[in-house]
There are 4 protein chains.
Amino acid sequence: MTELKEFVWKANLDLFRSGLVLLTFGNVSGIDRRRGIIGIKPSGVPYEEMKPEDIVLVDLEGRVVEGGLNPSSDTPTHSELYKAFPDIGGIAHTHSPYATKFAQSRREIPCFGTTHADLFHGPVPVTRQLTEAEVGRSYELNTGKVIVERFAELSALVIPAVLVAGHGPFAWGQSPGEAVRVNIILEHIAKTAFGTMILNPELVPLEDYLLEKHFQRKHGPQATYGQKKGEPR
Amino acid sequence: MTELKEFVWKANLDLFRSGLVLLTFGNVSGIDRRRGIIGIKPSGVPYEEMKPEDIVLVDLEGRVVEGGLNPSSDTPTHSELYKAFPDIGGIAHTHSPYATKFAQSRREIPCFGTTHADLFHGPVPVTRQLTEAEVGRSYELNTGKVIVERFAELSALVIPAVLVAGHGPFAWGQSPGEAVRVNIILEHIAKTAFGTMILNPELVPLEDYLLEKHFQRKHGPQATYGQKKGEPR
Amino acid sequence: MTELKEFVWKANLDLFRSGLVLLTFGNVSGIDRRRGIIGIKPSGVPYEEMKPEDIVLVDLEGRVVEGGLNPSSDTPTHSELYKAFPDIGGIAHTHSPYATKFAQSRREIPCFGTTHADLFHGPVPVTRQLTEAEVGRSYELNTGKVIVERFAELSALVIPAVLVAGHGPFAWGQSPGEAVRVNIILEHIAKTAFGTMILNPELVPLEDYLLEKHFQRKHGPQATYGQKKGEPR
Amino acid sequence: MTELKEFVWKANLDLFRSGLVLLTFGNVSGIDRRRGIIGIKPSGVPYEEMKPEDIVLVDLEGRVVEGGLNPSSDTPTHSELYKAFPDIGGIAHTHSPYATKFAQSRREIPCFGTTHADLFHGPVPVTRQLTEAEVGRSYELNTGKVIVERFAELSALVIPAVLVAGHGPFAWGQSPGEAVRVNIILEHIAKTAFGTMILNPELVPLEDYLLEKHFQRKHGPQATYGQKKGEPR
């Protein structure tokens, strides 16, 4: 479990260094699928003071199994996502400015460009608004459920982030580090989409065939981007 | 009083390092409630050259009681707030860009998201415009009075900042450091609200029940955020 | 003249460190009024490589009197301003983003806030567009003349900057360092005015009595800002 | 060829340090015209870990002639440009935010100011959208071809960049370092044009005679900017 703590701690530091989080906001978690144990940032602890041993270990029901600190208050949201999306290994949550502007305005981020298509196989979706009853009881858990509901006909593998209405983005990937990387790119996508919509309010999204090409170039069996596994770096 | 000077000096440095202030603009103060003494930044001194002993001590009427430098020209505004809001221990004033855009446009910042709801129990209010007479005599004192007037039916405890029309934000908290923290978050809130209003000009504020949930999560008796007092950090 | 070169070199470095200039763009000059000699940045030399001895000395007609490098191509604009505005001691020119947005859109910057009123006694003016003949011959000199023409009924002492239409800002002050300081504040003013105009397109400028109050607070005989001359710092 | 690798490596580092690229996005190449060999960034390698020997050498058909890593997936676009524009010596490609906003909105960048006119002899053009067939086969090569098509009646010497619709900018120059410099200035131009269009949506471009003056001041036989060759720096 020391390794899980190290990975999660490092990913939290990467998030902090990316400039996407203010003060103690935001959190990154990772999961050890074999044991069903999640490592997550402790609540309200400054990033720069956090040590690997401060990472809190919880089970898939969110019960603390190791660690002297309270886990992030968003822990039930994370655990719900790990249960619903069996292929993901890390989750990052921030209030990064441009993604949050879209989340607050309750508008999805249309795919206007190839950077978006490289990572997302379609627009970045927004959840529906939670009801008063859902907020009143098990709010954080229901935040997870409403994300899962939004993905009823979407694949979390090819749409690796969501905007929670009135809140902010959750992003995920195969590892905590990849979840942070998705969040960094998501913020860039949101920023350029924001300006694109101002410059050309009538713009329709990128042609499907170009979206498909870019997505497959990085993700499909014919992927041509990067270095093949085993090649020298 | 050496401790008050240290706290105020440190909070002024934190404000400078946050990037929210240009040149010598802005100021932070703190109060020793037992003695009724305020420590405040000297006027026009560069932040990076300031030393703890440069912090000027004044009484609640704004009279200098210790220090060889002139206190900030905004001192009468600070002292008026300390008199009206007995629970606050520190005040920070900046011309941070996004909060100032709202202050200059004389529009309150609506609550569009959970970051806002975590800190403010409603929109960030704007003062009314000062009259010519109020500007002509005791301008800085009247700036304080018009803030207090705006809070006639608001609680400074749950709305820890205000936008002075045509000027900029004043933020407060239990300590000088907390006032700076509020100002940093306020700037983030103003920035995301600005973009939200562009993306969705017809948007209504966050549902009351969600605002309430987030505010209580951090402030109410059932607060679940952060580490309990006395717990190890 | 070594002292003039040092002052001008230092102010150019300050401009570079402020982040307002890209690559080799922009320039700062200073004048020794007693001798009628201007020191100015050499053309196209990277800021971080510049040495005090690289500063070029020219007379009020723009003829090089000392220095092995070509002076900034904007030198005739600077010398024209020094001739027309006898009280200024330094000039800074940049293409800083927000001031340039206003210059390019050929709109003056209205006074919407107290930061503006602290420094400018009214809106920041824009020059008229140069005619084809004025551009064709002695373009840089005519840029200076059209600025001076714009100030026919304005005082350069209380309006320490101008936006050259389709180009960018020129700012000035009692010294090269003060000219840089004006440019830094001008960029902040332009940025907040830009956002203010988006949030409230119908907004009228700040009340005259508030503009007057702020301007006099920093500049009038009853100035209360900063530390009195001779006081310890 | 060691020298080509050094130049290309250094220009890639300069691009990274300019802040215009995120993570491993973007790439810079250079060409040795005498041998017909292109040096280009390897695909997906982090900038800060790249070493000069990682630069991949390819011929004008894009075949790897030296290097153990895969070249950038955009290599066929680069080689197509080197074949069509015989005077260029370096190419830089980024997804820099403001240039990308224009590329995604499929709007050219009008010339609104002298910074633009100093570098570009007219608006920065946008390519037409690729057809489904062009995307389906030899996509990256066709990206190069559609750029060349856009320049049928333009000179790459005086318009040193293009916006690929729905993608981002490609910039070029006499060397890899100059291509990076063009990209940095292009981003500044796009940023100020963006704001100019918001402040003044009806604005027409800069007068032709002023555009001509600025372009010739830096590029024509009567160029007066900078230091003459052979002069001390």
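Before any of the text, the structure's been laid out above.
Now for a look at the structure at hand. Every chain is numbered independently, its residues counted from 1 as its sequence is written. Whichever chain is written first is A, and whichever ligand is written first is 1; the rest continue in order. In keeping with the model being predicted, local features are shown solely for residues with a pLDDT of at least 70 and side-chain atom pairs are shown and tallied solely at 80 or more, while totals for entire chains, interfaces and linings include all residues. The basis for the side-chain values is all heavy atoms of the structure; hydrogens and waters are excluded.

1. Overview of the overall build of chain A
Working step 1: Each helix and strand counted, chain A has eight helices and seven strands in total.
Working step 2: Radius of gyration here uses only the C-alpha atoms, and the compact-globule reference equals 2.2 Å multiplied by the residue count raised to the power 0.38. Relative to its length of 233 residues, chain A is compact, with a C-alpha radius of gyration of 18 Å against a globular reference of 17 Å.
Working step 3: Here chain A, with 233 residues, has 61% of them falling under the buried criterion.
Working step 4: Whether two residues touch is decided by their heavy atoms; if any such pair falls within 4.5 Å, the residues are in contact. Relative to all contacts within chain A whose residues are 6 or more apart in sequence, the contacts with residues 24 or more apart total 64%.
Working step 5: Areas reported as accessible are Shrake-Rupley estimates using a 1.4 Å probe. Residue values count occlusion only from the protein chains shown. When the accessible surface of chain A is totalled, it reaches about 9,200 Å², and 52% of it is carbon and sulfur.
Working step 6: For the charge count, each Lys or Arg is scored as positive and each Asp or Glu as negative, with His and the chain ends excluded. One atom stands in for each charge, and that atom is NZ of Lys, CZ of Arg, CG of Asp or CD of Glu. Within chain A, one finds 25 positive and 28 negative side-chain charges whose respective centroids are separated by 3 Å. Secondary structure elements follow DSSP: runs of H or I of four or more residues count as helices, runs of E of two or more count as strands, with numbering from the N terminus. Burial status follows relative accessibility: with a 1.4 Å probe on protein chains alone, a residue under 20% of its type maximum counts as buried, one over 50% as exposed, and anything between as partly exposed.

2. A short note on the interface of chain C and chain D
Working step 1: Taken together, the 37 residues of chain C in the interface contact 33 residues of chain D.
Working step 2: Once two parts are put together, the accessible area they lose, assessed with a 1.4 Å probe and summed over both, is termed the buried area. Both faces considered, chain C and chain D share a buried interface measuring about 3,200 Å² in area, 54% of it formed by carbon and sulfur atoms.
Working step 3: Salt bridges are identified by distance alone: a Lys or Arg side-chain nitrogen within 4 Å of an Asp or Glu carboxyl oxygen. Viewed at the interface, chain D and chain C are joined by three salt bridges.
Working step 4: Notably, a salt bridge pairs C:E140 with D:R217, separated by 2.5 Å at the nearest N-O pair.
Working step 5: As used in this structure description, the phrase polar contact means that two N or O atoms lie within 3.5 Å; if the pair is within protein, one of them must be able to donate a hydrogen and the other to accept it, and residues adjacent in sequence are counted only when both atoms belong to side chains. For the interface between chain C and chain D, the tally reads eleven residue pairs in polar contact (both at pLDDT 80 or more).
Working step 6: Listing elements by their share of the side of chain C that touches chain D, those giving two or more residues are α3 (97-105), α5 (132-136), α6 (139-150) and α7 (176-199) of chain C.

3. Remarks on the relation of the copies chain B and chain A
Working step 1: Superposition of the copies used a least-squares fit over C-alpha atoms from residues whose pLDDT is at least 70 in both. The transform that puts chain B on chain A rotates by 90° and translates by 0.1 Å along the axis, for an RMSD of 0.0 Å. Taken together, these values place the two copies in the relation of a four-fold axis. It is B:I198 whose C-alpha, among those of chain B, lies nearest the rotation axis, at 6.1 Å.
Working step 2: Comparing contact sets, just 3% of the residues at the interface of chain B also lie at the interface in chain A, consistent with a heterologous contact between different surfaces.

4. Overview of the pairing of strand β3 (residues 56-59) of chain B
Residue and element names in this part refer to chain B.
Working step 1: Taking every second residue as pointing to the same face, both faces of β3 are buried, with V56 and V58 on one and L57 and D59 on the other.
Working step 2: As defined by bridge partners, strand β2 (residues 37-40) adjoins β3 across four bridges and the pair is classed as antiparallel. Note on β3: the bridge partner recorded for G39 is L57.
Working step 3: Of the pairings in the sheet, the one linking β3 to strand β4 (residues 64-66) comprises two bridges and is antiparallel in character. Within the sheet, the bridge partner assigned to V58 lies in β4 and is V64.
Working step 4: The pairing criterion for strands is at least two bridges between them, as found by DSSP. Joining the antiparallel neighbours β3 and β4 is a turn of four residues, in which G62 adopts a positive phi near 85°.

5. What about the relation of the copies chain C and chain D?
Working step 1: In the superposition of chain C on chain D (RMSD 0.0 Å, axial shift 0.0 Å), the rotation amounts to 90°.
Working step 2: When the interface residues of chain C are mapped onto chain D, a mere 3% of them again lie at the interface, so each copy presents a different face.

6. Things to note about the interface of chain B and chain A
Working step 1: With 33 residues of chain B at the interface, the matching set in chain A holds 38 residues.
Working step 2: Each partner contributes to the roughly 3,200 Å² buried at the junction of chain B and chain A, and carbon and sulfur atoms together form 54% of this total.
Working step 3: If you look at where chain B meets chain A, you find three salt bridges.
Working step 4: Between chain B and chain A we count eleven residue pairs in polar contact (both at pLDDT 80 or more) in total.
Working step 5: Ranked by residue count, the leading element in the side of chain B that touches chain A is helix α7 (residues 176-199) of chain B, at eleven residues.
Working step 6: Side-chain classes are defined by residue name, with Ala, Val, Leu, Ile, Met, Phe, Trp, Tyr, Cys and Pro counting as nonpolar, Asp, Glu, Lys and Arg as charged, and the others, Gly among them, as polar. Considering only residue class, the side of chain B that touches chain A consists of twelve nonpolar, twelve polar and nine charged.

7. Some points on the pattern of salt bridges
Working step 1: Under the counting rule described, the total for this entry stands at 52 salt bridges over all chains.
Working step 2: Residue C:D118 pairs with C:K218 through a salt bridge whose shortest N-O separation is 3.8 Å. Pair noted here: C:D118 is in helix α4 (residues 114-119) and C:K218 is in helix α8 (residues 208-219), with a separation of 100 residues, a long-range link.
Working step 3: Taken together, the shared-partner salt bridges connect A:D74, A:E140 and B:R217 into one network.

8. Some remarks on the sheet that holds strand β7 (residues 168-173) of chain B
All names here are of chain B.
Working step 1: Spatial ordering of the open sheet is given by β4-β3-β2-β1-β5-β7-β6, a layout of seven strands whose pairing is antiparallel. Of all strands in the sheet, those with a lone pairing partner are β4 and β6 (161-164), marking the two edges. Going across the sheet, the axis of each strand differs from the next one's by a mean of 25°, ignoring polarity.
Working step 2: Geometry is summarised by axes, namely lines fitted to C-alpha atoms with helices restricted to the contacting stretch, and by angles between N-to-C directions that run from 0 to 180 degrees. Contacting β1 (27-32), β5 (90-93), β6 and β7, α7 runs over the sheet at an angle of about 135° to β7.

9. As for helix α1 (residues 2-17) of chain D
All names here are of chain D.
Working step 1: Here α1 spans 22 Å end to end across 16 residues, near enough to the 22 Å set by a 1.5 Å rise per residue.
Working step 2: Along α1, the positions that sit buried rather than exposed are L4, K5, V8, A11, N12, L13 and L15.
Working step 3: If you follow the buried residues of α1, they end up packed against β1 (27-32), β2 (37-40), β3 (56-59), β4 (64-66), β5 (90-93) and α7 (176-199). A helix's residues, less one, multiplied by 1.5 Å, set its expected span.

10. Structural notes on the arrangement of the chains
Working step 1: There is no contact between chain A and chain C; across them, the least C-alpha separation is 12 Å.
Working step 2: Between chain B and chain D there is no contact, and the shortest C-alpha to C-alpha separation is 12 Å.

11. Quick word on the environment of C:G144
Residue and element names in this part refer to chain C.
Working step 1: On the secondary structure map, G144 appears in helix α6.
Working step 2: Distance from G144 to H78, taken between C-alpha atoms, is 6.9 Å for residues 66 residues apart in sequence.
Working step 3: Those residues in contact with G144, other than ones at most four positions away along the chain, are T77, E80 and L81.

12. Let's talk about the packing of aromatic side chains
Working step 1: Note on aromatic contacts: the rings of Phe and Tyr and the six-membered ring of Trp form a pair at centre separations within 6.5 Å, being stacked when their planes are under 30 degrees apart, edge-to-face when over 60 apart, and tilted otherwise. Per the stated rule, a full pass over the model turns up 20 aromatic pairs over all chains.
Working step 2: Here D:F151 and D:W172 contribute two aromatic rings whose centre-to-centre distance is 5.4 Å and whose plane-to-plane angle is 65°, an arrangement assigned as edge-to-face. Of this pair, D:F151 sits in the loop between α6 (139-150) and β6 (161-164) while D:W172 sits in strand β7 (residues 168-173); the two residues are 21 residues apart in sequence, bridging distant segments of the chain.
Working step 3: According to the relative accessible area criterion, D:F151 is buried, its value standing at 5%.
Working step 4: Of the residues examined, D:W172 reaches a relative accessible area of 1% and is grouped as buried.
Working step 5: Aromatic ring contacts, followed pair by pair, group A:F85, A:F151 and A:W172 into a single cluster.

Read these as layout, nothing more, since geometry by itself doesn't imply function.
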